[in-house]
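Chain by chain, the residues:
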Amino acid sequence: MELIVSTVKGLTENLLQKQTTDYDQVIEKLFSEVSGLEDFPKIPNPQLEECAIQLWNWAVTKNVGTTISKNLKAKVRHVACSLLYCCEPENPTEGVIRKQILMASKTGRTWLDCKNPQMADNFLRLAVKSLETLYAQLTSRRDGAADITSSKGDVEKDLLRILSCQAESALIQGNNHDAVVYMQRCKDMLQRLPKDTAYLSIMCYNFGIDTYNLKKFEESTFWLSQSYEIGKMNVKYAPGSEVQAKVLRLLASIYLEWDCQRFQEKALNAVSLANKEFTSASGLYLKIRILVRCGASDDHIRAGLNEMLESKVSLEVCLSTVKLLMSEDREVLAFDYLKRVCQHFESSPDLGTALVLHIELLLQKGTELLAKQKIEDIITGHYTGKQLTPQALTRLHVMLWDKASKHFEAKNYSEALQWYNYSLSFFKAGQTEPNSAKLQRNRASCFLMLKQLEKAKEAIKEAERCDPGSIFTQFSVYKIAVQENNVEKAVEAVNAMGRLSKSPSASEDGLLVSENAASNLLSLAAQIALENEQQETAMKALGSLCENSKDESQVLTALRCLVRLVLSTIEKSREEMRNVDMEVLLPYLKMALQKVSHQSRLTAEKRTEEANWFRKIAWNSALQCESCPDRMRDFFVLSYQLSQLCPPDRTLLMGQKTCLLMATAASLELCRKSPHSGQTEDLTQALEHIQICWEVWKTLKASGSFPKDPTDTLLLLYEFEARAKLNDPKVETVLESVLELEHVETKVLETIAALAMEPPAHYPLLCKKALRVALSLHRKQPQADLARCRKCVHSLIKLSLPSGVSEVEARVLEEVWDYYEEALSVIAAAPDDFPEMETLWLLTRAWNTGVLLYSLAQYPEAERWCGLAMSFIRHLGSLQESYETKMSGLYTEILDRLDRAKKNLIMEE
């Protein structure tokens, strides 16, 4: 016990320190320490008692504001009260007992406020026990009878409060029977404590509300009845007639909700009593509601309605009653009562609200003709000093527009226009506001459907005056332009809509026009143009949508439509115009690539579907651009880039490879056709495509065998050409890679030879190397292609002995001599098939070489080469005789000169 005393004292001192802020932990420790005190015998301890008083007072000071939570306050009081009872002496004084009663009752109340009735019950029982002890002490006294009576009265008053708390606790725990018992004891005490009448009445009313919220209708009606009965027990101290009426109205409402047929009489009695206690609009309205729900006769209801008018309830309540009657299919009563209400409030400035409701009900009933008459009466009144309030007028406009809209949807355009015109009647001439602009646009739509273009244009002109910055107005201008087939005006409107869609602006109903709504208008504009067979206008609208919409899914749909429209134009256009139209298609496909790439909201399946669709379009478009290499390349590159957005498989990779090969071929073809300033960039891009294609090709080869696929050869050919034209030193490495191929075709080597010398490339050594290998391969064939052998030899000789040289190296002469021998062997293999002019060319080139050597005093070599030239004469056909005669004389002359030159040389030596 001493340990507990020490601990409690230390914790109390800690809590009482002003600088302490960590209340929660200290309070929880205190609460834990005193939880087991009930098991200890009661021993008076001044220190514990002092702690109890200090803790209680501390909790009282914290009761103001929200320094600590309700739950913590309850725990502090719990600790203080427990400590006080723990220190209770064997014969406590009246002062101690009164402290116990105060602390126990308030602790119980605090636990109730924390919705912890179990904790509350313990302290409420302690409070009752202490009260009984106090009462016993007071009755045992023999002196001061007056003081005793006063003290006993205080005890009874405290007991009533505690019993009412016990009733509340029982009710919270769902024990209605115990709650009733406790409350009955309280009622019995009211004869001696009349001033607590209002307190008990209000408590029963609260019990009624609590049980009603739990849908315990029987218990709720009991407690509300108790509340009313207690209030009647002592009128002087009752809550007041207004509160009593409130109790009865709730009681009637619960009977109505519980079972209106079964408790019809009780509900009516309750509401009638309520209205006698205190007449109120809500009570009168409730009575009508009960009568209607219970199926009372028209006469009974009419009597209730009369009572309502006689009681001077507000117009708002009367109109709510009219709506109630209409909702319960009491139309005759509703219209009759509404007529009387209008007469009753004829001089009220709010009469317009009733008139508008009358129109609303007539429209609900379907009596449009009568409604129109009422509207026309209101319009007349509007211009004769009987204007509606702004709220009523707004409500009327809403009804008129709603009616017009329904007629428009039903394609009753004349009727729709009439309802819009009714609305227009309330606008002043020249009035400028967004609603006026919207109304004029709606009227214009009706005129358009009625084919009254001039009137539609007038209405839109007025709309532009009222709200020039509205995208909806521009949309209406667009619709009229389409109707008139005015492409220029329609395009102007589309451009304006595009500009307005970029920045959200206030719409006619005061809300912001979302970017999505603006895009939807552009989409609708395209649809309207297509329906009117105005393809050019539709494409402008779709183009504007693509530029301005941030809804990427919508843009993709628009791009699909645009692509289809362009393709249909291409199909219909003349051949010379197709390239122009294909150029229009390219930016749309580029935009599609960008949108599909960055569309985060697309599912994987949808992304693949979109990418595949545009990829195929790009592929097919490329195939139609044979006469335009740059465009063909761009389409193939786009097709490849779109394919990268799809899941890779063998077929897709084959397509990527083909795209890259075709794009590279197109770039090279472009450079061949017309060398241009951007050629270096084109060739560099071609190399990039080649490198990517190598990677794709490696992946493909890893997936299977491709025995006859020419991709390796093509890639090397393209790379050789690009590097040669870029004067890239790596070109020699490429040739080596070609020669290392498993099966090198002679045609490939001949192509490389040609590319090596095609301007701006100039690689004669590489060219000769390729030609020599090609010639060697030709000769190894079982049946050599002599024509191609001849061409190789021709090229080798031409490269080695270019025209116009002034000297020739001996090494080169030997090399060319070998080529001539190769030529002679080709001629010998098929003398009849060797072209005569080619023989003449070989002869001439050999003879000129001999003459050159002669001029350089290289006489033996000169004689050799001239002799070689003479050997070709016999292979000439029709030219043999004339050349033999001419060449023989020249040859003899040269031989003579050679002999003389040799003799002179000997003599000089």
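The rules behind each value
- Residues numbered from 1 in each chain as written.
- Predicted model: local features only at pLDDT ≥ 70, side-chain atom pairs only at ≥ 80, totals over all residues.
- Heavy atoms only, no water.
- Helix = DSSP H or I, 4+ residues; strand = E, 2+ residues; numbered from the N terminus.
- Rg over C-alpha atoms; globule rule 2.2 N^0.38 Å.
- Buried < 20%, exposed > 50% of the residue type's maximum accessible area, 1.4 Å probe, protein only.
- Contact = heavy atoms within 4.5 Å.
- Areas by Shrake-Rupley, 256 points an atom, 1.4 Å probe, with all protein chains shown as cover.
- Lys, Arg positive; Asp, Glu negative; His and termini not counted.
- Charge placed at Lys NZ, Arg CZ, Asp CG, Glu CD.
- Phe/Tyr/Trp six-rings, centres within 6.5 Å; stacked < 30°, edge-to-face > 60°.
- Lys NZ or Arg CZ within 6 Å of the ring centre and 35° of its normal.
- Core = buried A, V, L, I, M, F, W, Y, C linked by side-chain atoms within 4.5 Å.
- Salt bridge = Lys/Arg side-chain N within 4 Å of Asp/Glu carboxyl O.
- Axes fitted to C-alpha atoms, helices over the stretch in contact; angles between N-to-C directions.
- Parallel < 35°, antiparallel > 145°, perpendicular 65-115°, else oblique.
- Left-handed = near helix turned anticlockwise from the far one by under 90°.
- Nonpolar A, V, L, I, M, F, W, Y, C, P; charged D, E, K, R; others polar.
- Disulfide = S-S within 2.5 Å.
- pLDDT = per-residue confidence, 0-100.
- Expected span 1.5 Å × (residues − 1).
- Arc of directions from axis to C-beta.

## Section: the overall build of the protein
Phase 1: Within the protein, the regular secondary structure consists of 41 helices and 0 strands.
Phase 2: For 909 residues, the compact-globule estimate of 2.2 N^0.38 gives 29 Å, and the protein exceeds it by more than 25% at 55 Å.
Phase 3: Counting only C-alpha atoms, the protein reaches 185 × 95 × 45 Å along its principal axes.
Phase 4: By the burial criterion, 47% of the 909 residues in the protein qualify as buried.
Phase 5: Taking as baseline every contact in the protein between residues at least 6 positions apart, the subset at least 24 positions apart corresponds to 64%.
Phase 6: When the accessible area of the protein is evaluated, it comes to approximately 46,200 Å², of which 51% is carbon and sulfur surface.
Phase 7: For the protein, the distance from the average position of its 109 positive side-chain charges to the average position of its 120 negative side-chain charges is 7 Å.

## Quick word on the packing of aromatic side chains
Phase 1: In the structure shown here, the tally under the stated rule is 19 aromatic pairs.
Phase 2: With a centroid separation of 5.6 Å and 80 degrees between ring planes, the pair formed by Trp-419 and Tyr-422 is classed as edge-to-face. With Trp-419 and Tyr-422 both in helix α20 (residues 413–424) and 3 residues apart, the pair spans about one turn of that helix. Each of the two residues, Trp-419 as well as Tyr-422, counts as buried.
Phase 3: Cluster of aromatic residues (ring-pair linked, three or more members): Tyr-212, Phe-217, Tyr-255, Trp-258 and Phe-263.
Phase 4: Above the ring of Phe-31, the side-chain terminus of Lys-75 is found at 5.1 Å from the ring centroid.
Phase 5: Directly above the ring of Tyr-199 sits Arg-161, whose terminal nitrogen or CZ lies 3.9 Å from the centroid.

## A word on the environment of Lys-725
Phase 1: One can find Lys-725 in helix α33 (residues 711–725).
Phase 2: The buried category is assigned to Lys-725, whose relative accessible area is 9%.
Phase 3: Considering only alpha carbons, one finds Lys-725 and Lys-42, 683 residues apart in sequence, at a separation of 111 Å.
Phase 4: Sequence-distant contacts of Lys-725, that is, excluding residues within four places in its chain, are made with Arg-672, Leu-683, Glu-758, Pro-759, Pro-760 and Ala-761.

## Describing the nonpolar core
Phase 1: Residues Tyr-478 and Phe-720 are the most contacted members of the largest nonpolar core, which totals 223 residues.
Phase 2: Those residues within four positions of Phe-720 in sequence are excluded, and the remaining contacts are Val-731, Val-734, Leu-735, Ile-752, Leu-755, Ala-756 and Leu-766.
Phase 3: Counting residues in each nonpolar core, the second largest holds 66 residues, with Val-5, Phe-31, Leu-37 and Ala-52 among its members.

## Observations regarding the pattern of salt bridges
Phase 1: Applying the stated criterion across every chain yields a total of 44 salt bridges.
Phase 2: The partner of Arg-672 in a salt bridge is Glu-669, with the nearest N and O atoms 2.7 Å apart. Of the two residues, Arg-672 and Glu-669 both sit in helix α31 (residues 650–673), 3 residues apart, roughly one turn of that helix.
Phase 3: Note that Glu-721 is salt-bridged to Lys-725, the shortest N-O span being 3.1 Å. Remark: Lys-725 and Glu-721 occur in helix α33; sequence separation between them is 4 residues, near one turn of the helix. Here Glu-721 and Lys-725 have matching classes, each one buried.
Phase 4: Within this structure, Glu-669, Arg-672, Glu-721, Lys-725 and Glu-758 form a network of salt bridges that share partners.

## So, the packing of helix α12 (residues 264–277) against helix α13 (residues 281–293)
Phase 1: Look at α12 against α13: their axes get within 9 Å of each other, and the N-to-C directions meet at 160 degrees. One finds that α12 runs roughly antiparallel with respect to α13. Seen from above, α12 lies across α13 with left-handed handedness. Taken together, the residues of α13 that come into contact with α12 (itself represented by Ala-267, Leu-268, Val-271, Ser-272 and Asn-275) are Gly-283, Leu-284, Leu-286, Lys-287, Ile-290 and Leu-291.
Phase 2: A per-class count over the contact of α12 with α13 returns 7 nonpolar, 3 polar and 1 charged.

## A few points about the state of the cysteines
Phase 1: According to the stated counting rule, one finds 0 disulfides in the structure shown.
Phase 2: Left without a disulfide partner, Cys-86 is nearest to the cysteine sulfur of Cys-87, which lies 5.1 Å away.
Phase 3: Here Cys-204 is not cross-linked by a disulfide; its sulfur's nearest cysteine counterpart is in Cys-186, at 8.4 Å.

## With respect to the confidence of the model for the protein
Phase 1: On average, residues of the protein score 89 in pLDDT, and 94% of them are at 70 or above.
Phase 2: A low-confidence stretch, residues 506–512 (pLDDT under 50), is modelled with 12 contacts involving residues beyond four sequence positions or located in other chains.

## Quick look at the side chain of Glu-168
Phase 1: Tracing the sequence through the fold places Glu-168 in helix α7 (residues 145–172).
Phase 2: According to the relative accessible area criterion, Glu-168 is buried, its value standing at 16%.

## Topic: helix α8 (residues 176–189)
Phase 1: With 14 residues, α8 extends 20 Å from end C-alpha to end C-alpha; this agrees with the ideal 20 Å at 1.5 Å per step.
Phase 2: When α8 is considered as a whole, its buried residues turn out to be Asn-176, Ala-179, Met-183, Cys-186, Lys-187 and Met-189. Down the axis, α8 shows its buried residues gathered within 155 degrees of arc, on one side only.

## Quick look at the packing of helix α1 (residues 2–16) against helix α2 (residues 23–34)
Packed helices, taken two at a time, are described by their axes: the angle between them and the distance between them.
Phase 1: For the pair α1 and α2, interaxial distance at closest approach is 10 Å and the crossing angle is 155 degrees. As judged from the angle between their axes, α1 and α2 are roughly antiparallel. The two elements α1 and α2 cross, and the hand of that crossing is left-handed. Here α1 contributes Thr-7, Val-8, Leu-11, Thr-12, Asn-14 and Leu-15 to the contact with α2, which in turn contributes Tyr-23, Val-26, Ile-27, Lys-29, Leu-30 and Glu-33.

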